[in-house]
Amino acid sequence: LLLSSKEEKINKVKLAAAAHSATNMLSSGKPFIVYGTAWKKEMTAQYVSDAIHAGFRFIDTACQPKHYNEAGVGYGWVTAAQELGLERSDLFLQTKYTSYSGQ
């Protein structure tokens, strides 16, 4: 079975993405960078997807609508996961709660 160059590229990207799961990164003991999602507004989904495609597996958000778009984080994650063949366990999502009066 011969694969087209596009299929080969997709397979290589999926293998590379799986190799860089959050679990593998944590167990390596090496430092990692967390992608912050504050102040991205309507671009949150696109930026989160782009970050995951670039290799980020740790995403920070918060339940604070004034500064964060948590729905956009979710949409960006789902989009990237489908494109890269990632599982939920490949990503570490960090969120925080801020009371209404603190917003």
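All values reported here derive from a predicted model rather than from experimental measurement.

Asks: Hey, could you run me through the overall build of the protein in this one?
Replies: A tally of helices and strands in the protein yields four helices and three strands. Listed by position from the N terminus, the elements making up the protein come as α-α-β-α-β-α-β. Per-residue burial for the protein yields a buried fraction of 30% across its 103 residues. Summarising the internal contacts of the protein: among those between residues at least 6 apart in sequence, 74% fall at separations of at least 24.

Asks: Explain the pattern of salt bridges to me, please; I cannot follow it from the model alone.
Replies: One side chain can pair with another of opposite charge once the charged atoms of both are near each other. Counted according to the given criterion, the structure contains one salt bridge. Here Asp60 makes a salt bridge to Lys96, at a shortest N to O gap of 2.6 Å. Taken together, the residues span a long stretch of sequence, with Asp60 in strand S2 (residues 58–60) and Lys96 in the segment after strand S3 (92–94) at a distance of 36 residues. A relative accessible area of 11% means that Asp60 is categorised as buried.

What counts and how
Residues numbered from 1 in each chain as written. Predicted model: local features only at pLDDT ≥ 70, side-chain atom pairs only at ≥ 80, totals over all residues. Heavy atoms only, no water. Helix = DSSP H or I, 4+ residues; strand = E, 2+ residues; numbered from the N terminus. Buried < 20%, exposed > 50% of the residue type's maximum accessible area, 1.4 Å probe, protein only. Contact = heavy atoms within 4.5 Å. Salt bridge = Lys/Arg side-chain N within 4 Å of Asp/Glu carboxyl O.

Read these as geometric descriptors, not functional statements.
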